[in-house]
Amino acid sequence: MNGIELQLTKDIIRDKSFNSVDKAIKIIKAFGSQDRFIVLGAKDSSETAIFYNNLSKSRVDAVVKYLVNKRVPASILNAEGRGKKDLKYVEYDPATKCSGWTNEANRSVYFVAR
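Quick caveat: nothing in here was measured; it's all calculated off a predicted structure.

## Notes on the overall build of the protein chain
Line of reasoning, step 1. Broken down by element type, the protein chain carries 3 helices and 3 strands.
Line of reasoning, step 2. Reading the secondary structure of the protein chain in the N-to-C direction produces α-β-α-β-α-β.
Line of reasoning, step 3. In the protein chain, buried positions account for 39% of the 114 residues.
Line of reasoning, step 4. The contacts in the protein chain between residues at least 6 apart in sequence include a share of 69% that link residues at least 24 apart.
Line of reasoning, step 5. Carbon and sulfur atoms make up 51% of the accessible area of the protein chain, which totals about 6400 Å².

Structure representation (structure tokens):
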């Protein structure tokens, strides 16, 4: 599944990502309430460490809020904003080394079953 993209420097889910979020909801609900999921947020390294750590956490929280509003139990979700510790494309750090699409991917929120 693709990562959930959010608006640049904001914690607002991009319109084009709602299909991906809704697909994630169906998958999560299909697993049942015994399974747990980590909702991970990364942020490219185009800003200071404090900025991208805080932003990645607020982005994850925005996605979790959307999931919970769609009746995904909060108890099965663990939100983690990891800043640049979990970039999808680590070879593109710093952000100036890559194209726009790789930065977009590095700024996304994604899910891990635990």
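## So, the sheet that holds strand 2 (residues 77-81)
Adjacent strands of a sheet form backbone hydrogen bonds with each other and so pair up, either parallel or antiparallel.
Line of reasoning, step 1. With mixed pairing, 3 strands are arranged side by side in an open sheet as 2-1-3. At either end of the open sheet lies a strand with only one pairing partner, and these are strand 2 and strand 3 (109-113). Taking each pair of neighbouring strands and ignoring which way they run, the sheet shows an average axis angle of 25°.
Line of reasoning, step 2. The sheet contact formed by strand 1 (residues 37-41) and strand 2 spans 5 bridges and is parallel. Within the sheet, the bridge partner assigned to isoleucine 38 lies in strand 2 and is asparagine 78.

## A look at the nonpolar core
Line of reasoning, step 1. By size, the foremost hydrophobic cluster in this structure holds 19 residues, and its most contacted members are Val39, Val63, Leu67, Leu77 and Phe111.
Line of reasoning, step 2. Of all the secondary-structure elements, those providing two or more residues to this core are helix 1 (18-31), strand 1, helix 2 (49-69) and strand 3.
Line of reasoning, step 3. Residues in contact with valine 39, not counting those within four places in the same chain, are Val60, Val63, Val64, Leu67, Leu77, Asn78, Ala79, Glu80, Val109, Tyr110 and Phe111.

## A look at the confidence of the model for the protein chain
Line of reasoning, step 1. Across the protein chain, the average pLDDT comes to 81, with 71% of residues at or above 70.
Line of reasoning, step 2. No element of the protein chain has a lower mean pLDDT than helix 3 (residues 100-106), which averages 64, and none a higher one than helix 1, which averages 92.

## Examining unusual backbone geometry
Line of reasoning, step 1. Within the chain, threonine 9 stands out as a residue other than glycine whose phi angle is a positive 55°.
Line of reasoning, step 2. In this structure, arginine 71 is a non-glycine residue whose phi angle is positive, near 75°.
Line of reasoning, step 3. Along the chain, arginine 71 turns up in the loop between helix 2 and strand 2.
Line of reasoning, step 4. Here arginine 71 falls in the exposed class, since its relative accessible area comes to 70%.

## Points about the packing of aromatic side chains
Line of reasoning, step 1. Taken as a whole and judged by the stated rule, the model has 2 aromatic pairs.
Line of reasoning, step 2. Between phenylalanine 18 and tyrosine 66, the ring centres sit 5.3 Å apart and the planes meet at 55°, which makes this aromatic pair tilted. In this pair, phenylalanine 18 sits in helix 1 while tyrosine 66 sits in helix 2, placing the two residues 48 residues apart along the sequence.
Line of reasoning, step 3. Seen in terms of ring centroids, phenylalanine 31 and phenylalanine 37 are 5.4 Å apart; in terms of plane orientation they differ by 75°. Their pairing is edge-to-face.
Line of reasoning, step 4. Relative accessible area serves as the criterion here: at 44%, phenylalanine 31 is assigned to the partly exposed category.

## Things to note about the pattern of salt bridges
Line of reasoning, step 1. All chains considered together, the criterion is met by 3 salt bridges.
Line of reasoning, step 2. Residue arginine 14 is joined to glutamate 5 by a salt bridge in which the shortest nitrogen-to-oxygen separation is 3.0 Å.
Line of reasoning, step 3. Judged by its relative accessible area of 25%, arginine 14 is partly exposed.
Line of reasoning, step 4. In this structure, the salt-bridge partner of lysine 16 is glutamate 5, at a minimum N-O distance of 3.2 Å. Placement of the pair is lysine 16 in the segment before helix 1 and glutamate 5 in the segment before helix 1, with a sequence separation of 11 residues.
Line of reasoning, step 5. A residue is classified by how much of its surface remains accessible, and glutamate 5, at 17% relative accessible area, is buried.
Line of reasoning, step 6. Among the ionic contacts, a cluster of salt bridges with common partners joins Glu5, Arg14 and Lys16.

About the cut-offs
- Residues numbered from 1 in each chain as written.
- Predicted model: local features only at pLDDT ≥ 70, side-chain atom pairs only at ≥ 80, totals over all residues.
- Heavy atoms only, no water.
- Helix = DSSP H or I, 4+ residues; strand = E, 2+ residues; numbered from the N terminus.
- Buried < 20%, exposed > 50% of the residue type's maximum accessible area, 1.4 Å probe, protein only.
- Contact = heavy atoms within 4.5 Å.
- Areas by Shrake-Rupley, 256 points an atom, 1.4 Å probe, with all protein chains shown as cover.
- Pairing = 2+ DSSP bridges.
- Axes fitted to C-alpha atoms, helices over the stretch in contact; angles between N-to-C directions.
- Core = buried A, V, L, I, M, F, W, Y, C linked by side-chain atoms within 4.5 Å.
- pLDDT = per-residue confidence, 0-100.
- Phe/Tyr/Trp six-rings, centres within 6.5 Å; stacked < 30°, edge-to-face > 60°.
- Salt bridge = Lys/Arg side-chain N within 4 Å of Asp/Glu carboxyl O.

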